[in-house]
Amino acid sequence: MHPLQALAVAAAGIVAGVLNTVVGSGTLITFPVLLGVGLPPLTANVSNGLGLVPGSLLGAIGYRDELAGQAQRVRRLGVASTIGAVIGAVLLLVLPADAFSAVVPILIVIALVLVVLQPWLARRLAAKRADGTDAAPKDGWLLFLGVFATGMYGGYFGAAQGVLLLGLMGVVLTESLQRINAIKNVLAMLANLASGVVFIFVAHISWLAVVLIAAGSAVGGVIGARVGRKLPPVALRGLIVVIGIAALAKLLLT
């Protein structure tokens, strides 16, 4: 990898770090760049996931105020995301490369619909809980299994994992979008880290690519936390939809 290519990878890491912290889908920036500098798809995928961990970590730290009071929830959902990611990493190693290609666009569309409808759905759920017609816990097994499935996808590839998590949790949890986004950053970080640990032992990794993306995503994570926390709910929801549609278009056209 010559200096200009290294610079391009680091720059992609910065952009991905910002996107992942604010919304998600940073993989759609870094993965094609790694392919463009000559890495094989599997090596690019596993190196990318590891490289994005520092950005998600610093993004989560930047959202620490929004994480306040959610420790138990984060621990519970973190277990689901971690276990799912390990399974997803194993699936990546044993399944055909295009095994999820038909399912992912459908998942993104569902997530985007949920993000758009989230305020209305949240009001309906809150009303039902208030009058006693819906006494189901906010953090039940349905959410646990949903995060598990999203973690499995994150361990397998991860593009738009953040959009899926935001759509899922936005409907189930009666929290602000910013507090949900804070949880999303932690869950995405755990998924990338868990799958990365698996790949360290069984897959070929470009450590230069990991270091470059890690450095870039760390910078992007700090920037993303400062920018994302200032966005009003309507603006953040609009950004999620725009990036989700862009991710959907890229996946369908490649």
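Refer to the structure above for everything that follows.
First, a word on what this report is: a plain description of the structure on this page. (Residues numbered from 1 in each chain as written. Predicted model: local features only at pLDDT ≥ 70, side-chain atom pairs only at ≥ 80, totals over all residues. Heavy atoms only, no water.)

## Some details on the overall build of the chain
At step 1: A tally of helices and strands in the chain yields twelve helices and zero strands.
At step 2: The buried share among the 254 residues of the chain stands at 52%.
At step 3: Within the chain, contacts between residues at least 6 apart in sequence are counted, and of these 83% link residues at least 24 apart.
At step 4: As presented, the chain carries roughly 11100 Å² of accessible surface, and 75% of it is formed by carbon and sulfur atoms. (Helix = DSSP H or I, 4+ residues; strand = E, 2+ residues; numbered from the N terminus. Buried < 20%, exposed > 50% of the residue type's maximum accessible area, 1.4 Å probe, protein only. Contact = heavy atoms within 4.5 Å. Areas by Shrake-Rupley, 256 points an atom, 1.4 Å probe, with all protein chains shown as cover.)

## Brief notes about the environment of Leu 177
At step 1: If you trace the backbone, Leu 177 turns up in helix H10 (residues 177-202).
At step 2: For the pair Leu 177 and Leu 166, spaced eleven residues apart in the sequence, the C-alpha separation amounts to 8.0 Å.

## Quick look at helix H2 (residues 27-36)
At step 1: For H2, the full list of buried residues reads Thr 27, Leu 28, Thr 30, Phe 31 and Leu 34.
At step 2: Downstream of H2 by one or two residues, Gly 38 has phi in the positive range, about 105 degrees.

## Overview of a nonpolar patch on the surface
At step 1: A cluster of nonpolar side chains, Leu 42, Val 86, Val 90, Leu 93, Val 94, Leu 95, Leu 193, Val 197, Ile 200, Phe 201, Val 202 and Trp 207, forms an exposed patch at the surface whose accessible area comes to about 1100 Å².
At step 2: For the nonpolar patch, the secondary-structure elements that each account for two or more residues are helix H6 (71-94) and H10.
At step 3: The element best represented in the nonpolar patch is H10, accounting for five residues.
At step 4: Take Val 86: it is sitting in helix H6. (Patch = residues over 30% accessible without salt bridge, like charges linked within 9 Å, V, L, I, M, F, W, Y side chains within 5 Å. Salt bridge = Lys/Arg side-chain N within 4 Å of Asp/Glu carboxyl O.)

## Focus on the nonpolar core
At step 1: If you look at the biggest cluster of nonpolar residues, it comprises 25 residues, and the most contacted ones within it are Leu 77, Leu 143, Val 147, Met 169, Ile 183 and Leu 187.
At step 2: Elements supplying a minimum of two residues to this core: H6, helix H8 (141-156), helix H9 (161-172) and H10.
At step 3: Those residues in contact with Val 147 that lie beyond four places of it in its chain are Leu 77, Ala 80, Ser 81, Leu 165, Leu 168 and Leu 187.
At step 4: Residues Val 9, Val 37, Ala 44 and Ala 209 belong to the second largest nonpolar core, which totals 13 residues. (Core = buried A, V, L, I, M, F, W, Y, C linked by side-chain atoms within 4.5 Å.)

## What to know about the side chain of Asn 181
At step 1: Its place among the elements puts Asn 181 in helix H10.
At step 2: Overall, the relative accessible area of 0% leaves Asn 181 in the buried class.
At step 3: Filtering out sequence-adjacent residues up to four positions away, Asn 181 remains in contact with Thr 21, Val 22, Tyr 63 and Leu 166.

## Here we look at the packing of aromatic side chains
At step 1: If you walk through the whole model with that rule in mind, you get one aromatic pair.
At step 2: The lysine or arginine in question, Arg 76, covers the ring of Trp 141, its NZ or CZ lying 5.3 Å from the ring centre. (Phe/Tyr/Trp six-rings, centres within 6.5 Å; stacked < 30°, edge-to-face > 60°. Lys NZ or Arg CZ within 6 Å of the ring centre and 35° of its normal.)

## Remarks on the environment of Leu 248
At step 1: Turning to its location among the elements, Leu 248 is positioned in helix H12 (residues 233-253).
At step 2: Taking the relative accessible area as the measure of exposure, Leu 248 reaches 15% and is therefore buried.
At step 3: Note: C-alpha distance between Leu 248 and Val 109 (139 residues apart in sequence) is 7.7 Å.

## Section: helix H1 (residues 3-22)
At step 1: Relative to the 28 Å expected for 20 residues at 1.5 Å per residue, H1 spans 29 Å between its end C-alpha atoms, a close match to the ideal helical length.
At step 2: Three or more residues of H1 are buried, namely Gln 5, Ala 6, Val 9, Ala 10, Ala 12, Gly 13, Ala 16, Gly 17, Asn 20, Thr 21 and Val 22.
At step 3: Note on H1: the residue one or two positions beyond its end, Gly 24, has a positive phi of about 140 degrees. (Expected span 1.5 Å × (residues − 1).)

## What to know about the packing of H1 against H10
At step 1: The contact between H1 and H10 brings their axes to 8 Å, and the two run at 130 degrees. If you check the angle between H1 and H10, you find them oblique. For the pair H1 and H10, contact is made by Asn 20, Thr 21 and Val 22 and by Asn 181, Lys 184 and Asn 185, respectively.
At step 2: The residue inventory of the contact of H1 with H10, partitioned by class, reads one nonpolar, four polar and one charged. (Axes fitted to C-alpha atoms, helices over the stretch in contact; angles between N-to-C directions. Parallel < 35°, antiparallel > 145°, perpendicular 65-115°, else oblique. Nonpolar A, V, L, I, M, F, W, Y, C, P; charged D, E, K, R; others polar.)

## A short note on the side chain of Asn 48
At step 1: Secondary-structure assignment places Asn 48 in helix H3 (residues 41-51).
At step 2: Among the residues examined, Asn 48 registers a relative accessible area of 1% and is labelled buried.
At step 3: Looking at Asn 48, its side chain comes within polar contact range of the side chain of Thr 30, at 2.3 Å.
At step 4: In this structure Asn 48 touches Thr 27, Thr 30, Phe 31, Leu 34 and Ile 213, once residues within four positions along its chain are discounted. (Polar contact = N/O pair within 3.5 Å; in protein donor to acceptor, adjacent residues only side chain to side chain.)

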